Amino acid sequence: MSVEPVDFLQEARQHLNRVDEIGLRTAVSRGYYAAYHLALGVCHYCPEPPPLPQGKGGGDHQRLIRRFESVPRKGFKGAGLARQIAALLAQGREQRNKADYRLNETISRNDAQWLIANAERIEKLTQQLTQQQTAPP
């Protein structure tokens, strides 16, 4: 792989230094995709959620969030971590949608800083989840 999730995060940080709104929108978008790919890299630890009715599964992003939020509360090492990842990823997705699709809404430096901090938090949570899942019983 030539690009890693942390490369998206680094790109987001660089765009945070720009003074124009497109730079801030790019920071939000790249920050979200850092978080998305970090979560995607550890989702194999989570069991597949129960199927939804036909046509109700959502897209790739929603399915990834659902995979983390539907882990069993008991008997799954790191259930709390997985649920935190789901919540943060869902919040980040909402911000990314605002930045990429709602062009009439303003994106502030605070929005971009929050999204980058969100991605950094997801990075730590995915590391903790990996440690819990790979630790000997």
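Definitions and cut-offs
- All residue numbers refer to position in the chain's written sequence, counted from 1.
- pLDDT decides what is reported in this predicted model: residues at 70 or higher carry local features, side-chain atom pairs at 80 or more are listed and counted, and totals for whole chains, interfaces and linings draw on all residues regardless.
- The basis for every side-chain value is the complete set of heavy atoms in the structure, and neither hydrogens nor water enter the calculation.
- In this text, helices come from DSSP runs of H or I with a minimum length of four residues, and strands from runs of E with a minimum of two, each type numbered from the N-terminal end.
- Note on exposure labels: buried denotes an accessible area under 20% of the residue type's maximum, exposed denotes more than 50%, and partly exposed covers the range between, all computed with a 1.4 Å probe on protein chains only.
- Contacts between residues were defined by any pair of non-hydrogen atoms, one from each residue, lying within 4.5 Å.
- Only centres within 6.5 Å qualify two rings of Phe, Tyr or Trp (six-membered ring in Trp) as a pair; their planes then separate them into stacked at under 30 degrees, edge-to-face at over 60, and tilted for everything else.
- Among buried residues, the Ala, Val, Leu, Ile, Met, Phe, Trp, Tyr and Cys ones that are joined through side-chain atoms within 4.5 Å form a nonpolar core.
- Counted as salt bridges are all cases of a side-chain nitrogen of Lys or Arg within 4 Å of a carboxyl oxygen of Asp or Glu.
- Polar contacts, as counted here, are pairs of nitrogen or oxygen atoms within 3.5 Å of one another; within protein the pair requires one atom able to donate a hydrogen and one able to accept it, and residues that are adjacent in sequence qualify only if both atoms are side-chain atoms.
- Only the stretch in contact is used when fitting a helix axis, every axis being a line fitted to C-alpha atoms; angles between N-to-C directions are given from 0 to 180 degrees.
- Any angle from 65 to 115 degrees is called roughly perpendicular, while one under 35 is roughly parallel, one over 145 is roughly antiparallel, and all others are oblique.
- Just so you know the grouping, Ala, Val, Leu, Ile, Met, Phe, Trp, Tyr, Cys and Pro go in nonpolar, Asp, Glu, Lys and Arg go in charged, and all remaining residues, Gly too, go in polar.

1. A word on the environment of Ala82
Inference 1: Tracing the backbone shows Ala82 in helix H4 (residues 79-101).
Inference 2: What makes Ala82 buried here is its relative accessible area of 0%.
Inference 3: Non-local contacts of Ala82, meaning those with residues more than four positions away in its chain, are made with Cys46, Phe68, Val71 and Phe76.

2. Details of the packing of aromatic side chains
Inference 1: What the rule picks out here adds up to three aromatic pairs.
Inference 2: Summarising the aromatic geometry, the rings of Tyr32 and Tyr33 are spaced 5.2 Å apart at their centres and angled 75° between planes, so their arrangement reads as edge-to-face.
Inference 3: When its relative accessible area of 1% is taken as the criterion, Tyr32 is described as buried.
Inference 4: Under the relative-accessibility criterion, Tyr33 is labelled buried at 18%.
Inference 5: When the ring of Tyr32 is compared with that of Tyr36, the centres are 6.3 Å apart and the planes differ by 35°; the resulting orientation is tilted. Taken together, the residues span about one helical turn, with Tyr32 and Tyr36 both in helix H2 (residues 21-42) at a distance of four residues.
Inference 6: Grouped by ring-pair contacts, the aromatic residues Tyr32, Tyr33 and Tyr36 constitute a single cluster.

3. Focus: the nonpolar core
Inference 1: Formed by 38 residues in total, the largest nonpolar core has its most connected members in Leu64, Phe68, Phe76, Leu89 and Leu129.
Inference 2: Listed by contribution, the elements that provide at least two residues to this core are helix H1 (5-16), H2, helix H3 (60-69), H4 and helix H5 (109-134).
Inference 3: It is H2 that contributes the most residues to this core, 11 residues altogether.
Inference 4: Excluding residues that lie within four positions of it along the chain, Leu64 makes contacts with Tyr36, Ala39, Leu40, Cys43 and Leu89.

4. Considerations on the pattern of salt bridges
Inference 1: Scanning the model with the defined rule gives nine salt bridges in all.
Inference 2: Between Lys98 and Asp111 there is a salt bridge whose closest N-O contact spans 3.7 Å. With Lys98 in helix H4 and Asp111 in helix H5, this pair connects stretches of sequence that are 13 residues apart.
Inference 3: Given the relative accessible area of 14%, Lys98 is considered buried.
Inference 4: Residues joined by salt bridges that share partners form a network here, namely Glu94, Arg102 and Glu105.

5. A closer look at the side chain of Arg25
Inference 1: Along the chain, the position of Arg25 falls in helix H2.
Inference 2: A polar contact is formed between the side chain of Arg25 and the backbone oxygen of Glu105, at a distance of 2.4 Å.
Inference 3: In this structure Arg25 touches Lys98, Ala99, Arg102, Leu103, Glu105, Thr106 and Ile107, once residues within four positions along its chain are discounted.

6. A closer look at the environment of Glu11
Inference 1: Structurally, Glu11 can be placed in helix H1.
Inference 2: For Glu11, a relative accessible area of 33% corresponds to the partly exposed category.
Inference 3: When the C-alpha atoms of Glu11 and Thr26 are compared, they prove to be 8.7 Å apart, with 15 residues separating the residues in sequence.

7. Some details on the packing of H2 against H5
Inference 1: For the pair H2 and H5, the least separation of the axes is 8 Å and the interaxial angle reads 10°. The orientation of H2 with respect to H5, classified from their angle, is roughly parallel. Contacts between H2 and H5 involve Leu24, Ala27, Val28, Gly31, Tyr32, Ala35, Leu38, Ala39 and Val42 from the first element and Arg109, Asp111, Ala112, Leu115, Ile116, Ala119, Ile122, Glu123, Thr126, Leu129 and Thr130 from the second.
Inference 2: Across the contact of H2 with H5, the residue classes tally to 14 nonpolar, three polar and three charged.

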